[in-house]
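Each chain, letter by letter, is given below.
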Amino acid sequence: MRTFIVVGHKATTSPNFSLEDIPGTSGRLDILCRCINGAFVLSHGIRHDAQIYLILLGGEKPKILWLRGEDIKHLNPDERTTAALLKKALALEAGPEWTQSTPGIFVRSGGLPEMVESIKALGSNLKYLREDGTDIRGAALPDGSSFILGDHVGMAPEEESLLKETGAEIISLGLVSLHADHCIVIINNELDRREKKSVT
Ligand SMILES: C[S@@+](CC[C@H](N)C(=O)[O-])C[C@H]1O[C@@H](n2cnc3c(N)ncnc32)[C@H](O)[C@@H]1O
């Protein structure tokens, strides 16, 4: 299982955004929709061995969305359909436990500290993606690694401190700053090559 985590600093926790103008009304949920696409969508299928957590900080109370490739349904490559799935999940009451919205999509309350606690409890190896980290090509990526990325505003200093406390290794995909969804595609490709994957 490969795990991606993206922090959406402005991403809305409310379902009241417009599917006609996702970037303008949702605090850039469109970025997170593209990250979902990068995590799961293949030419002819879905990666069932991937999952993504989206930390939404653009509301009064933060929320986390969890999309699990094992059992996700109704996922299409277009952002609008994905945003509609997220809208449904955000309309549910979010407490400290996961609530399922549609197959493979869950919501709970919480932010980065809660996310980091869950990752630690799972014993997952956390990798923080940053331009000046250790080159991914020489890095050990044990099975079950989790990769955490920022959104268009990067990662705040206090978030970096939290990640540092957890002992997350800083991994780079090169010195050029890329979009988060592109980073996810590159990581998936790197893992595919290491696993010598050839079929879906
Ligand atoms: C659009 S970038 C953030 C740019 C933001 N303006 C900043 O200065 O941090 C989104 C995220 O992708 C990841 N990222 C982008 N380029 C990367 C690279 N070359 N290597 C590793 N991670 C990268 C980082 O996690 C970053 O927070």
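We now turn to the structure provided with this report. (Residues numbered from 1 in each chain as written. Predicted model: local features only at pLDDT ≥ 70, side-chain atom pairs only at ≥ 80, totals over all residues. Heavy atoms only, no water.)

1. Overview of the site of the ligand
Then, in step 1: Neighbouring the ligand are 18 residues; L129, L173, G174, V176 and L178 lie closest to it.
Then, in step 2: Taking L129, its main chain carries an N or O atom lying 2.7 Å from an oxygen atom of the ligand.
Then, in step 3: Secondary structure elements with two or more residues in the shell around the ligand: β8 (126-135), β10 (169-172) and α6 (180-195).
Then, in step 4: In terms of residues, the shell around the ligand owes the most to one element, β8, which gives three residues.
Then, in step 5: Residues of the shell around the ligand, tallied by class, amount to nine nonpolar, six polar and three charged. (Near = heavy atom within 4 Å. Polar contact = N/O pair within 3.5 Å; in protein donor to acceptor, adjacent residues only side chain to side chain. Helix = DSSP H or I, 4+ residues; strand = E, 2+ residues; numbered from the N terminus. Nonpolar A, V, L, I, M, F, W, Y, C, P; charged D, E, K, R; others polar.)

2. Some words on the packing of helix α4 (residues 112-122) against helix α5 (residues 157-165)
Pairs of packed helices are described in terms of their axes, by the angle between the two and the distance that separates them.
Then, in step 1: At a closest axis distance of 11 Å, the pairing of α4 and α5 adopts a crossing angle of 15°. Accordingly, the angle class assigned to the pair α4 and α5 is roughly parallel. Between α4 and α5 the crossing geometry is right-handed. Where α4 approaches α5, its residues L112, P113 and V116 are matched on the opposing element by E159, L162 and L163.
Then, in step 2: Within the contact of α4 with α5, the residues separate by chemical class into five nonpolar, no polar and one charged. (Axes fitted to C-alpha atoms, helices over the stretch in contact; angles between N-to-C directions. Parallel < 35°, antiparallel > 145°, perpendicular 65-115°, else oblique. Left-handed = near helix turned anticlockwise from the far one by under 90°. Contact = heavy atoms within 4.5 Å.)

3. Topic: the pairing of strand β5 (residues 63-68)
Then, in step 1: Counting buried residues in β5 gives six out of six residues, a clear majority hidden from the surface.
Then, in step 2: The alternating pattern of β5 places K63, L65 and L67 on one face and I64, W66 and R68 on the opposite face, and all of these are buried.
Then, in step 3: Judged from the six bridges that link them, strand β4 (residues 50-58) and β5 form a sheet pairing that is antiparallel. Among the inter-strand pairings, I55 is bridged to a residue of β5, identified as I64.
Then, in step 4: Here β4 hands over to β5 after four residues, the two strands then running antiparallel side by side.
Then, in step 5: Sheet analysis places β5 next to strand β7 (residues 105-109), joined by five bridges and oriented antiparallel. Directly across from I64, in β7, lies its bridge partner R108. (Buried < 20%, exposed > 50% of the residue type's maximum accessible area, 1.4 Å probe, protein only. Pairing = 2+ DSSP bridges.)

4. Some thoughts on the nonpolar core
One broad trend across soluble globular proteins is that nonpolar side chains are buried collectively.
Then, in step 1: In terms of nonpolar packing, the biggest core is built from 40 residues, with L29, I52, L54, L65 and L67 touching the most fellow members.
Then, in step 2: The set of elements that each furnish at least two residues to this core consists of β1 (2-12), α2 (29-40), β4, β5, α3 (79-90), β7, β9 (146-149) and α6.
Then, in step 3: With residues up to four places along the chain from it excluded, the contact list for L67 reads I36, F40, Q51, I52, L54, I72, L86, G104 and I105.
Then, in step 4: Of all hydrophobic cores here, the second largest spans 17 residues; its members include I5, I55, W66 and L126. (Core = buried A, V, L, I, M, F, W, Y, C linked by side-chain atoms within 4.5 Å.)

5. Topic: the sheet that holds β10
Then, in step 1: Here we have eight strands laid out as an open sheet, ordered β6-β7-β5-β4-β1-β9-β8-β10, and mixed in their pairing. On the outer flanks of this sheet lie β6 (99-100) and β10, each paired with one strand and no other.
Then, in step 2: Most of the contacts of α3 go to β5, to which it runs at about 130°, and overall it touches β1, β4, β5 and β7.
Then, in step 3: Relative to β1, α6 is tilted by about 175°, and along the sheet it contacts β1, β4, β8 and β9.

6. Some thoughts on α3
Then, in step 1: The end-to-end C-alpha distance of α3 is 16 Å, a good match for the 16 Å that twelve residues give at a rise of 1.5 Å each.
Then, in step 2: Burial in α3 covers these residues: T82, A83, L85, L86, A89 and L90. Seen from one end, α3 has its buried residues packed into an arc of 155°, which puts them on one side.
Then, in step 3: If you follow the buried residues of α3, they end up packed against β1, α1 (22-25), α2, β4, β5 and β7. (Expected span 1.5 Å × (residues − 1). Arc of directions from axis to C-beta.)

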